[in-house]
There are 2 protein chains.
Amino acid sequence: MTQSKVQLLLTGNELLNGDIVDTNSAMIARELAETGIEIKRKVTVSDDLSLLVSEIRQMSSMADVLIINGGLGPTSDDFTAQALAQAMDLPQVQHEQAYEHLLAWCKQRGTELTPANLKQALLPRGCDIIANRIGSAVGFKVNFQRCDIYCTPGVPAELKVMLKEQILPALAEKSTGKHKTRITKFQVFGLGESKLQQLIHDQFPDWPDSVELGFRAGDPLLELKLTTRTPAGEAEKPRCQARLSALLGQHIVAEIDGTPKSLAEHVLTRLIRKGQKLATAESCTGGLIASLLTQIPGSSQAFEAGFVTYSNKMKTRMLGVDPQILASKGAVSRETVLAMAKGALEKSTADYAVAVSGVAGPGGGSKEKPVGTVWLAWGTAKNLQSHCLLIPGSRLAFQRYVAAIALDLIRRSLNETEEIANYLIERSFK
Amino acid sequence: MTQSKVQLLLTGNELLNGDIVDTNSAMIARELAETGIEIKRKVTVSDDLSLLVSEIRQMSSMADVLIINGGLGPTSDDFTAQALAQAMDLPQVQHEQAYEHLLAWCKQRGTELTPANLKQALLPRGCDIIANRIGSAVGFKVNFQRCDIYCTPGVPAELKVMLKEQILPALAEKSTGKHKTRITKFQVFGLGESKLQQLIHDQFPDWPDSVELGFRAGDPLLELKLTTRTPAGEAEKPRCQARLSALLGQHIVAEIDGTPKSLAEHVLTRLIRKGQKLATAESCTGGLIASLLTQIPGSSQAFEAGFVTYSNKMKTRMLGVDPQILASKGAVSRETVLAMAKGALEKSTADYAVAVSGVAGPGGGSKEKPVGTVWLAWGTAKNLQSHCLLIPGSRLAFQRYVAAIALDLIRRSLNETEEIANYLIERSFK
């Protein structure tokens, strides 16, 4: 079985009218990836019998494995069994095993077997049942045009159990002998996707084909993914990892094998490990930095307080910023953010502080301080740094990126690095 | 143009390997639905040039309109322009308008135009540009096999603006002659979807078929949608609107024709209209309420300050909460949130305050104050109210729902209503 020959067919009006977001196919993809199998193509159609029939015919002629998801329910818009039977020119007959399952399912619930439910036992003649130990809809499998077709229920919990317990083992058995796919990810901040790609391209012209390189622009962390599918790739990978680590240095937030963590989580983990605390003083980000930190369970161990000083008056009242500084230098100035950070440290018992003040827009910009201007101050009482950046974009994008930079600056401070972040050079303003 | 002839082609490995859940197509579907257009079929393919080429050829032969999403970026796995050129047997040439856009985009950021970015100006000869006023990737449009093909960027914010400002108007123009679909929405808060549906079903058994009723569970506002597609429906609609208004009362946050507004935006609009200011005092929501408010342009007119007092010590230092109250009653108590709200009003010049303190979880719960317990206090110095609720769910869901309730309580205070919010009854605790 070649990897390119697994396809996915989803059915359901709700998947096409915007009522729900399709999470099933991401789940199927992740489960298959564990077995080293990739999905190359996916088609989603509305609950329309003739569309389904022609799609099944076409896809099964292209693929070795076709997973169909949805349309197994009892209602009149559930067509999968009927469509598959039509596509294969087979009659739909009552499947005894499916019928027994429905009887048992109804009995367990103390309900009668309705004609609607009975429809769920009418399957293409000769198909194999895939048991459903949660819901009423059994899955089923046929072979058509040399393609294994697996029909699965749309309910996520039922689908997941069926995949794990029955479909994946069957697929794995077919693909024995193949090498296991392994994935390593780097989370990167401070380098754009195109720049990162260019950098690797320029520095490593001899990058081995056996270590596939993938990029995913995140919000805000970028993911750099190394995938190997062969023993040769696995042998090459450590050298690739070492070279990337040396090349990217502090731009690498983390190297991960499992679930990616947020920037805020990385900052909190480091703070907790050091037994230190953080306070935030926010103007233009309006509480977003504090909110990102406090989304993380256990953040109270390291996050002490957030001062959202949106007006000048409150910068003075809450953080003790000298009104003369505000009058002479303005709220968006080095002096103000330094005073805000100092105030946050003094008014709390935090070891680290980060302060931001800027022009988030769309209004409020001037020639000297256009929309996108932001001053940041960060560090400890003994070592407070400050910098001015220009971050153009929408208000929300500005706030998100500034919050990410604020968190990244704290991360770098905690790492006690000499390396200067890229954005402090490229986005520098004034 | 018949409705069945709009198809969607999505490209990106990340959409097939389980790395991300595709939210773009649900957004496209909702936007198109506003214009009365349905998507019947959607295909997702990996970043594979030959697959894309054959898909474009096939889909454009079936559809009147094909929207392609993704693959416009600067990296080597972005193939849309190349695939479209190949499918149409056209050369890829540097498009002057796209080139100008890239130059301006780089200039605004103070960066150089890299070869990678320059690739974004290499488009199928003769295509029309769809401007992108946010990102680097311009969209473009061609007509092939009598099908209008729109190529759009994968970044959701860029896609959304392009759809709203350029693609939808173009599609709407093509569908003239048909009766215009008109949609009116009510934004509702404090009633669940099934309860709302039941209520309307019970109260209005004679609801006219010509006024289609739709529901969309939002986060946190629920949308109740009235769609008319005929003159008869339009004639019936005002009576339906009036009956819904009477039935739902203060549960209705707003009746809207255009873009839905957030709860925070509704609160700010009311505050600004009254010339009043708000301060927040947050423990368990950790700055989320302040962040939701300050996302809105112009929020400085009505949002004064946010106190994120995450530790007990900071509740005393920043808001003057009596340490004896914290010691005897605990941080999650009526006395504490009242003192927090009072402190926020006293330490600022705000007219309104809202304070929250609760157990967001997953840790920190006790038998008396389980995870999900939250105390809220809200109102003016003269009229501070408080209430305890139980909001079970994940940490993030808890924080989001509590923030929404806090904003809704301020909205109701500003409306000076006697009506008691449903959640204060149904979620009441202690």
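Residues numbered from 1 in each chain as written. Chains lettered and ligands numbered in written order. Predicted model: local features only at pLDDT ≥ 70, side-chain atom pairs only at ≥ 80, totals over all residues. Heavy atoms only, no water.

### Regarding the UniProt feature "domain: MoaB/Mog" (unreviewed entry) in chain A
Moving on, step 1. Under the feature "domain: MoaB/Mog" (unreviewed entry), the UniProt entry names residues 7-174 of chain A.
Moving on, step 2. Helix makes up 42% of residues 7-174 of chain A and strand 21%, whereas the separation of the span's terminal C-alpha atoms amounts to 16 Å. (UniProt positions renumbered as here; feature names shortened; annotations may be inferred. Helix = DSSP H or I, 4+ residues; strand = E, 2+ residues; numbered from the N terminus.)

### Observations regarding helix α11 (residues 312-319) of chain A
Residue and element names in this part refer to chain A.
Moving on, step 1. Along α11, the positions that sit buried rather than exposed are M314, K315, M318 and L319. Projected onto a plane normal to the axis of α11, the buried residues spread over an arc of 110 degrees and lie on a single side.
Moving on, step 2. Once α11 ends, the next one or two residues include G320, with phi positive near 75 degrees. (Buried < 20%, exposed > 50% of the residue type's maximum accessible area, 1.4 Å probe, protein only. Arc of directions from axis to C-beta.)

### Some points on the pattern of salt bridges
Moving on, step 1. Tallied over the entire structure, the rule returns 29 salt bridges over all chains.
Moving on, step 2. Linking E223(A) and K185(A) is a salt bridge whose minimum nitrogen-to-oxygen distance equals 3.7 Å. Placement of E223(A) in strand β11 (residues 222-228) and of K185(A) in strand β9 (residues 182-188) is noted, with a sequence separation of 38 residues between them. Both residues of the pair, E223(A) and K185(A), belong to the buried class.
Moving on, step 3. A salt bridge links K42(B) to D22(B); the nearest nitrogen and oxygen atoms lie 3.5 Å apart. In this pair, K42(B) is assigned in strand β2 (residues 41-45) and D22(B) in the loop between β1 (6-11) and α1 (24-34), connecting sequence segments 20 residues apart.
Moving on, step 4. According to the relative accessible area criterion, D22(B) is buried, its value standing at 8%.
Moving on, step 5. Taken together, the shared-partner salt bridges in this structure form one network comprising E38(A), K40(A), E212(A) and R229(A). (Salt bridge = Lys/Arg side-chain N within 4 Å of Asp/Glu carboxyl O.)

### Observations concerning the environment of P220(A)
Residue and element names in this part refer to chain A.
Moving on, step 1. Tracing the chain through its elements places P220 in the loop between β10 (211-216) and β11.
Moving on, step 2. Spatially, the C-alpha atoms of P220 and T152 are 35 Å apart, while their sequence positions differ by 68 residues.
Moving on, step 3. For P220, the residues in contact, after removing those within four places along its chain, are F189, L263 and A404. (Contact = heavy atoms within 4.5 Å.)

### A few points about the nonpolar core
Moving on, step 1. L293(A), L376(A), L293(B) and L376(B) are the most contacted members of the largest nonpolar core, which totals 82 residues.
Moving on, step 2. If we ignore the near neighbours within four places in the chain, the residues touching L293(B) are A264(B), V267(B), L268(B), L278(B), T280(B), S299(B), F303(B) and L407(B).
Moving on, step 3. Ranked by size, the runner-up nonpolar core spans 66 residues in total, among them L72(A), L84(A), V142(A) and C127(B). (Core = buried A, V, L, I, M, F, W, Y, C linked by side-chain atoms within 4.5 Å.)

### A word on a negative patch on the surface
Moving on, step 1. Taken together, the side chains of E14(A), D19(A), D77(A) and E193(B) define an acidic patch exposed on the protein surface.
Moving on, step 2. Relative to the helices and strands, E193(B) is located in helix α7 (residues 193-203). (Patch = residues over 30% accessible without salt bridge, like charges linked within 9 Å, V, L, I, M, F, W, Y side chains within 5 Å. Areas by Shrake-Rupley, 256 points an atom, 1.4 Å probe, with all protein chains shown as cover. Lys, Arg positive; Asp, Glu negative; His and termini not counted. Charge placed at Lys NZ, Arg CZ, Asp CG, Glu CD.)

### Notes on the pairing of strand β17 (residues 383-390) of chain B
Residues and elements named next belong to chain B.
Moving on, step 1. The pairing of strand β16 (residues 373-380) with β17 spans 8 bridges and is antiparallel. What sits directly across from G379, in β17, is L384.
Moving on, step 2. What sits between the antiparallel neighbours β16 and β17 is a turn of 2 residues. (Pairing = 2+ DSSP bridges.)

### Examining the state of the cysteines
All names here are of chain A.
Moving on, step 1. Here the structure, examined in full by the defined rule, presents 0 disulfides over all chains.
Moving on, step 2. C151 provides the cysteine sulfur closest to C147, a residue in no disulfide bond, and the two sulfurs are 10 Å apart.
Moving on, step 3. Cysteine C388 is unpaired, with the sulfur of C284 as its nearest cysteine sulfur at 11 Å. (Disulfide = S-S within 2.5 Å.)

### Overview of the interface of chain B and chain A
Moving on, step 1. Taken together, the contact between chain B and chain A spans 63 residues of the former and 66 residues of the latter.
Moving on, step 2. Together chain B and chain A conceal approximately 5,400 Å² of surface at their shared face, both sides included; 53% is due to carbon and sulfur atoms.
Moving on, step 3. By the criterion of area lost to chain A, the three top residues of chain B are L16(B), K42(B) and Y310(B), representing 11% of everything that side buries.
Moving on, step 4. Here chain B is connected to chain A by 2 salt bridges.
Moving on, step 5. Between E55(B) and R41(A) there is a salt bridge, and its shortest N-O distance comes to 2.6 Å.
Moving on, step 6. Linking chain B to chain A there are 33 residue pairs in polar contact (both at pLDDT 80 or more).
Moving on, step 7. For the side of chain B that touches chain A, the leading source of residues is strand β14 (residues 303-309) of chain B, giving 6 residues.
Moving on, step 8. Taken together, the 5 bridges between strand β14 (residues 303-309) of chain A and β14(B) define a ladder with antiparallel strand orientation. Residue pairing in the sheet places F307(A) in a bridge with F307(B) of β14(B). (Buried area = accessible area lost by both parts, 1.4 Å probe. Polar contact = N/O pair within 3.5 Å; in protein donor to acceptor, adjacent residues only side chain to side chain.)

### Some thoughts on the domain arrangement of chain A
Residues and elements named next belong to chain A.
Moving on, step 1. Per the domain assignment, the segments making up chain A are domain 1 (3-174), domain 2 (182-256) and domain 3 (263-426).
Moving on, step 2. Computed from C-alpha atoms alone, the centre-to-centre distance between domain 2 and domain 3 is 30 Å.
Moving on, step 3. Between domain 2 and domain 3, the contact holds 15 residues from the first and 16 residues from the second.
Moving on, step 4. Summed over both sides, the interface between domain 2 and domain 3 buries roughly 1,200 Å², with carbon and sulfur atoms accounting for 53% of that surface.
Moving on, step 5. Together, F189, Q250 and V253 form the three largest contributors to the area buried by domain 2 at its contact with domain 3, with a combined 52%.
Moving on, step 6. Put simply, domain 2 and domain 3 have 1 salt bridge between them.
Moving on, step 7. Residue K195 is joined to E426 by a salt bridge in which the shortest nitrogen-to-oxygen separation is 2.2 Å.
Moving on, step 8. Counting across the domain 2 and domain 3 interface gives 7 residue pairs in polar contact (both at pLDDT 80 or more).
Moving on, step 9. Per element, the largest residue contribution to the side of domain 2 that touches domain 3 is 3 residues, and it comes from strand β12 (residues 252-256).
Moving on, step 10. Across the side of domain 2 that touches domain 3, the residue classes tally to 8 nonpolar, 5 polar and 2 charged. (Domains from an automatic or database assignment. Nonpolar A, V, L, I, M, F, W, Y, C, P; charged D, E, K, R; others polar.)

### Re the packing of aromatic side chains
Residue and element names in this part refer to chain A.
Moving on, step 1. A full pass over the atoms with the stated rule returns 8 aromatic pairs over all chains.
Moving on, step 2. Centroid distance F189 to Y401: 6.0 Å. Interplanar angle 50 degrees. Geometry classified as tilted. One end of the pair, F189, is in the loop between β9 and α7 (193-203); the other, Y401, is in helix α14 (residues 395-415), with 212 residues separating them in the sequence.
Moving on, step 3. In this structure an aromatic cluster arises from ring pairing among F189, Y401 and Y423. (Phe/Tyr/Trp six-rings, centres within 6.5 Å; stacked < 30°, edge-to-face > 60°.)

### Examining the environment of A264(B)
All names here are of chain B.
Moving on, step 1. Here A264 lies in helix α9 (residues 263-274).
Moving on, step 2. Spatially, the C-alpha atoms of A264 and A403 are 9.6 Å apart, while their sequence positions differ by 139 residues.
Moving on, step 3. Among all residues touching A264, those that are not within four sequence positions of it are L292, L293, I296 and L407.

### Examining the sheet that holds strand β11 (residues 222-228) of chain B
All names here are of chain B.
Moving on, step 1. Here we have 4 strands laid out as an open sheet, ordered β10-β11-β9-β12, and antiparallel in their pairing. The outermost strands of the open sheet, each flanked by one partner alone, are β10 (212-216) and β12 (252-256). Each adjacent strand pair in this sheet contributes to an overall mean axis angle of 20 degrees, direction not counted.
Moving on, step 2. Looking at chain direction, strand β9 (residues 182-188) and β12 are connected through 4 bridges and run antiparallel. Looking at the pairing, F186 lines up with E255 of β12. (Axes fitted to C-alpha atoms, helices over the stretch in contact; angles between N-to-C directions.)

### Thoughts on α7(A)
Moving on, step 1. When we look at burial in α7(A), the residues that qualify are E193(A), S194(A), L196(A), Q197(A) and I200(A). All buried residues of α7(A) fall inside an arc of 165 degrees around its axis, so they share one side.

### Here's the deal with unusual backbone geometry
Moving on, step 1. The omega angle of the peptide bond from G361(A) to P362(A) is 0 degrees, so this bond is cis rather than trans.
Moving on, step 2. Of note, P362(A) is situated in the loop between β15 (352-358) and β16 (373-379).
Moving on, step 3. One non-glycine residue, D89(B), lies in positive phi territory at about 55 degrees.
Moving on, step 4. The residue D89(B) is located in the loop between α3 (80-87) and β4 (92-94) in this model.
Moving on, step 5. On the basis of relative accessibility, which here comes to 67%, the residue D89(B) falls in the exposed class.
Moving on, step 6. Its identity is not glycine, yet Q145(B) carries a phi of approximately 55 degrees, on the positive side.

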